[in-house]
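Each chain is listed here by its residues.
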Amino acid sequence: MLKVYNCIATAHDLRLVGLAAFVCVLASISAIRLLRYARAAKGRMRDLWLMVSAISTGFGIWATHFVAMLAFSPGIPSGYNIALTVLSLIVAILLTGFGLAVSLTKDWRHGPWIGGAIVAGGIAAMHYMGMAAFEVAGIVVWDPALVVVSILLGAAIGAAALPVGLHGEHEGWKLGGALLLTLAIVSHHFTAMGAVSIIPDPSIAVSQTALPAGLLAVGVTIASLGILGLATAGVVIDIRDHRRSELETDRMRDLADATVEGLLVCDGEMIVSANKSFSLLVGCSADSLIGGTLENCFPDPAARGKLMSRPNHTLETELRHRDGSMIPVELIMRPIVFAERPHHVIAVRDLKRRKAAEQHIHFLAHHDALTGLPNRAYFNMRVDQEIAGLAPGKSLGVMCLDLDRFKEINDLFGHAAGDRALQTFASRVGALLEEGQMLARLGGDEFAILLPNISGPAAAGRLAESILEVLRDDGDAPEVPIATSIGIALSPDDAADRQSMMSHADVALYRAKQEGRGIYRFFEAKMGAAVRDRRQLEHDLRLAISRDELWLAYQPQFDIRHGKVVGFEALVRWKSPSRGEISPGVFIPVAEEIGAILPIGDWVLKEACREAATWKMPLKVAVNVSAVQLHNATFAQELHQILIETGLPARRLEIEITETALVRDLNRTLATLRQVKALGVEIAMDDFGTGYSSLSNLRAFPFDRIKIDRSFIKQVNTNQQAATIVRAVLGLGKGLGLPVIAEGVETNDELRFLQEESCDEVQGYLLGRPAAIDSFREYTNPDASLPQAAAIKHAASA
């Protein structure tokens, strides 16, 4: 080491030594930068950059050597062999190029180390060939030990230079590689120079063709300027590339931040970049995530293993938020090249909304949207499960419920009121159930209750009574009264499977409705036939109009003073092919229950108007209108259309309504009746005295006629109170200027009483039973009024 130091300190011009070191540093920096460009390039550009890097490095080694040789002063004549000097430059370029190419061998992690060693070999070969080109008037003696040390020292440092210079993107790695390469060149040169001893010998002459030191200085200067040019070009290119890389990075970051999905760029499991979407999702800044591991975000090791081993495959797992909560996410990983190195990008999709939507869809698939109760499918599944797991000695109960007269609620108060009634029913009944019991809405106004492990019929009966009681309680002032009927079946007593159990509970429900509604009934085997008959009746009634089974009977109405027919009341009749004539008292309530009363009422109106329009006499036709028809928002418009289609003058039509229909919705009824009145149609109050608030109704509504109920007429000669009521109604009619018609006149005494009390009009079996209109052609014919007048007078005098 002392010998090397003495060589540098005493045998060299230190100024030129410093220049040599400077040239070496420039050459090394240029070599590392150009080599990195060669690694990033493809195809021919890769070969071009590799060649430029080899030339730069070779010239740098050569220039460093000969600048240092110019600094060496042996004190005797000397020169340089031109051929060997040029050959040393070529050797430096070729060996350096070969070493650099080896260092860039793809997928060979030892390549940079071996390539660096080859470059160090090129340094040694160039040096000793350059020393061979050195001619001096003396004998050159070498120290073998220092020669070996110089070669090994250059090889060791040179082998480390390229791996360091090519390692990372940070400038420190690039500068470290350049400094190691500089140290490899300089340490080899001066150690090798320390191995040289020159013994002057005047007998040895320097060749005439040897290149003087001055000319060598010019050559070295040119080479140094070339190195400076290449270094400057490398710096310019590096700055431009760095700027382009920053712009590209910013553009990619902007694109990544613009995506809705979270994006992570990872090196192994270490996070090197994250976009804003992911930072917002995890609740941390993007900078705080960099350098962390995937485990911090995705704690499930099995999920991470699957993710890393299966690129381009989606995977669902959970993301840990900063607050510790877990977020369902979907991941997909794809390999990419980032910063000139293989990485992988992970796309992270937030599944909170999708999971919530899936849960909502699952809920809707098993629950009713209006009430939130389980639906039929869910209820059936639960019943099947309970039956399958029913322990010996235990009972399972099922209740079938529906709202009484729910169709009327919808028709009279609208579907919104009907929906509120269903919701009120669900909340009230659901509050009575114990844990494990379940209330479900099967559809429409049909509900069912599952009673697992019930002790027996008594327990089911107590619950049914509680349900009926809570619905009767109007403490929360419901918009419409709510009532229900309940049918109960038990397993295994009544049935062993769900279908039979539900059917039996439904049969019991029908029995409860037939026996008055608002009650509960247990299933009994004898109920089956009656329920089947009732269902068949409903089915036939729905088809009665299309099968042309309905017809109209007409009952004449008489002017009691003049003894002539003034009109007819149209009465609907049903003749079933299988059942024969069915009383209106039987099928009209059924029609109201099943919602068939509206189409039947419309048919009666159309048929009565069509028939009346064909009469020669301008007689009135009276038609009963149900509450459902009256509360139909388009009733007046439909009535007007019927009058237009049939050609019947509006003054010849009279609609009869009951007081019960009035009180259900006074405002709507009043508005409808005013529209009907505006058409010119007359309005009669039917069954006067049997409803509610009769006097206020007469004042509020635009009635044209009062009709006394038959229940009063049949008692006028036997019950003084009934007679007094009839007299009062007749007096009320006279006082209000409203004609009064008495229905249900069946005896001469009743007719005589009404004549004496100055009743205006009468109808009843005494004067004419309801029959087909063909039986009354003599009254609809202009020549046939006198015989009936005589009949009235005869009946009154008898």
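Keep in mind the model is a prediction, meaning the values are calculated, not measured.

Analysis parameters
- Residues numbered from 1 in each chain as written.
- Predicted model: local features only at pLDDT ≥ 70, side-chain atom pairs only at ≥ 80, totals over all residues.
- Heavy atoms only, no water.
- Helix = DSSP H or I, 4+ residues; strand = E, 2+ residues; numbered from the N terminus.
- Buried < 20%, exposed > 50% of the residue type's maximum accessible area, 1.4 Å probe, protein only.
- Areas by Shrake-Rupley, 256 points an atom, 1.4 Å probe, with all protein chains shown as cover.
- Core = buried A, V, L, I, M, F, W, Y, C linked by side-chain atoms within 4.5 Å.
- Contact = heavy atoms within 4.5 Å.
- Salt bridge = Lys/Arg side-chain N within 4 Å of Asp/Glu carboxyl O.
- Pairing = 2+ DSSP bridges.
- Axes fitted to C-alpha atoms, helices over the stretch in contact; angles between N-to-C directions.
- 1 Å grid on protein atoms, 1.4 Å probe; cavity = no way out; pocket = protein on both sides within 12 Å on 5 of 7 lines; lining within 4 Å.
- Points joined across faces, edges and corners; volume = space filled by probe spheres on them.
- Phe/Tyr/Trp six-rings, centres within 6.5 Å; stacked < 30°, edge-to-face > 60°.
- Parallel < 35°, antiparallel > 145°, perpendicular 65-115°, else oblique.
- Left-handed = near helix turned anticlockwise from the far one by under 90°.
- Nonpolar A, V, L, I, M, F, W, Y, C, P; charged D, E, K, R; others polar.
- Patch = residues over 30% accessible without salt bridge, like charges linked within 9 Å, V, L, I, M, F, W, Y side chains within 5 Å.
- Expected span 1.5 Å × (residues − 1).
- Polar contact = N/O pair within 3.5 Å; in protein donor to acceptor, adjacent residues only side chain to side chain.
- Disulfide = S-S within 2.5 Å.

Q: How would you explain the overall build of the protein if you had to name every residue and give the values?
A: Helix and strand counts for the protein come out as 31 helices and 23 strands. Counting every position in the protein, which comprises 798 residues, the buried fraction comes to 48%. Approximately 38000 Å² of the protein is accessible, and the part contributed by carbon and sulfur atoms is 58%.

Q: Explain the nonpolar core residue by residue, including any values.
A: One recurring pattern in soluble globular proteins: nonpolar side chains tend to sit buried together. Tyr554, Val621, Leu653, Ile655, Val726, Leu754 and Val762 are the most contacted members of the largest nonpolar core, which has 81 residues in total. The element best represented in this core is helix H21 (residues 597-612), accounting for 8 residues. Apart from the residues lying within four places of it in its own chain, the contact partners of Leu754 are Ile560, Ile713, Val726, Ala742, Val745, Cys759 and Val762. Membership of the second largest hydrophobic core comes to 30 residues, among which are Val429, Leu468, Leu490 and Tyr520.

Q: Can you explain the pattern of salt bridges? Please cite residues and give values.
A: If charged atoms from side chains of opposite charge come close, those side chains can pair. With the rule as written, the count across this model stands at 34 salt bridges. Among the salt bridges present, the one from Asp760 reaches Arg561, with a minimum N-O distance of 3.0 Å. With a gap of 199 residues between them, Asp760 in the loop between helix H29 (748-756) and strand S23 (761-763) and Arg561 in the loop between strand S15 (550-559) and strand S16 (564-576) connect regions that are remote in the sequence. On the accessibility criterion, Arg561 (52% relative accessible area) is exposed. The salt bridge involving Arg777 is made with Asp774; its shortest N-O contact spans 3.0 Å.

Q: Explain the sheet that holds strand S6 (residues 270-274) to me, and be specific about the residues and the numbers.
A: Pairing within the open sheet is antiparallel, and its 5 strands lie in the order S6-S5-S9-S8-S7. In the strand order of this sheet, the two ends are held by S6 and strand S7 (315-320), each with one partner. Across the sheet, the axes of successive neighbouring strands diverge by a mean angle of 40°, strand direction being ignored. Both strand S5 (residues 262-267) and strand S9 (residues 341-350) contribute to a ladder of 5 bridges, which runs antiparallel.

Q: With reference to specific residues and values, describe the layout of surface pockets.
A: Reported here for the second largest pocket is a volume of approximately 1100 Å³. Taken together, 40 residues form the lining of the second largest pocket, with Ile588, Asn624, Thr658, Asp686 and Asp687 sitting closest to its centre. Elements represented by at least two residues in the lining of the second largest pocket include exactly S16, helix H20 (584-594), H21, strand S18 (620-624), helix H22 (627-630), strand S19 (653-658), helix H24 (659-663) and strand S20 (682-688).

Q: For the packing of aromatic side chains, give the residues involved together with the corresponding values.
A: Under the definition given, this model contains 8 aromatic pairs. Seen in terms of ring centroids, Tyr520 and Phe522 are 6.0 Å apart; in terms of plane orientation they differ by 80°. Their pairing is edge-to-face. Its relative accessible area of 25% is what places Phe522 among the partly exposed residues. Members of the aromatic cluster, connected to one another through ring pairs, are Tyr554, Phe568, Trp615, Phe776 and Tyr779.

Q: Break down the packing of H21 against helix H23 (residues 635-646) for me, citing the residues and quoting the values.
A: The geometry of H21 relative to H23 is characterised by a closest axis approach of 9 Å and an angle of 30° between their N-to-C directions. In terms of orientation, H21 and H23 fall into the roughly parallel class. In the crossing of H21 with H23, the sense of the turn from one axis to the other is right-handed. Across from Asp602, Leu605, Lys606, Cys609 and Arg610 in H21, the residues of H23 making contact are Phe635, Glu638, Leu639, Ile642, Leu643 and Thr646. For the contact of H21 with H23, the residue count by class is 6 nonpolar, 1 polar and 4 charged.

Q: Please give an account of a nonpolar patch on the surface that cites residues and values.
A: A grouping of Val86, Leu87, Ile90 and Leu94 is seen on the molecular surface, where their side chains present a nonpolar patch of about 350 Å² in accessible area. Turning to its location among the elements, Leu87 is positioned in helix H4 (residues 82-103).

Q: Tell me about the side chain of Glu538, and please be specific about residues and values.
A: Within the fold, Glu538 resides in helix H19 (residues 527-542). Looking at Glu538, the relative accessible area reads 7%, which means it is buried. Ignoring sequence-local partners within four residues, the contact set of Glu538 consists of Tyr510, Val590 and Ile594.

Q: Talk me through helix H17 (residues 457-472); I want residue IDs and the actual numbers.
A: Spanning 16 residues, H17 covers 23 Å between terminal C-alpha atoms, matching the ideal 22 Å at 1.5 Å per step. Elements in contact with the buried residues of H17: strand S10 (395-403), helix H16 (415-430), strand S12 (446-454), strand S13 (484-491) and strand S14 (520-522).

Q: Any details on unusual backbone geometry? Residues and values, ideally.
A: Geometrically, the link from Ser491 to Pro492 is a cis peptide bond, its omega value of 15° lying close to zero. Take Pro492: it is sitting in the loop between S13 and helix H18 (498-514). In this model, Asp548 sits at a positive phi of 60°, which is unusual for a non-glycine residue.

Q: So, the sheet that holds S13: which residues are in play, and what are the values?
A: A sheet is described by the order of its strands in space; here 5 strands give the open sequence S11-S12-S10-S13-S14, paired in mixed fashion. At either margin of the open sheet sits one strand with a lone partner, and together these are strand S11 (438-443) and S14. Direction aside, the axes of adjacent strands within the sheet are offset by 20° on average. Pairing geometry for S10 and S12, over 7 bridges, is antiparallel.

Q: Describe the pairing of S7, listing the residues and the values that go with them.
A: As judged from the 6 bridges shared by S7 and strand S8 (residues 326-338), these two strands associate in the antiparallel manner. Opposite Thr317, over in S8, you have Val329 as the bridge partner. As consecutive antiparallel partners, S7 and S8 are separated by 5 residues, and within that stretch Gly324 has a phi angle of approximately 95°, a positive value.

Q: So what's going on with the environment of Thr371? Which residues, and what values?
A: Relative to the helices and strands, Thr371 resides in the loop between helix H13 (352-366) and helix H14 (376-388). Residue classification places Thr371 among the buried positions, given a relative accessible area of 18%. Residues Thr371 and Arg441 lie 70 residues apart in sequence; the distance between their C-alpha atoms is 7.9 Å. Those residues in contact with Thr371 that sit more than four places away from it in its chain are Leu422, Gln423, Ala426 and Arg441. Of note is the side chain of Thr371, whose polar atom sits 2.6 Å from the side chain of Asp368. In terms of polar contacts, Thr371 uses its side chain to reach the backbone amide nitrogen of Leu373, at 3.3 Å.

Q: Break down the state of the cysteines for me, with residues and values.
A: One pass over the full model with this rule turns up 0 disulfides. Cysteine Cys297 is unpaired, with the sulfur of Cys284 as its nearest cysteine sulfur at 7.5 Å.

Remember that the coordinates give geometry; whether it matters functionally is a separate question.
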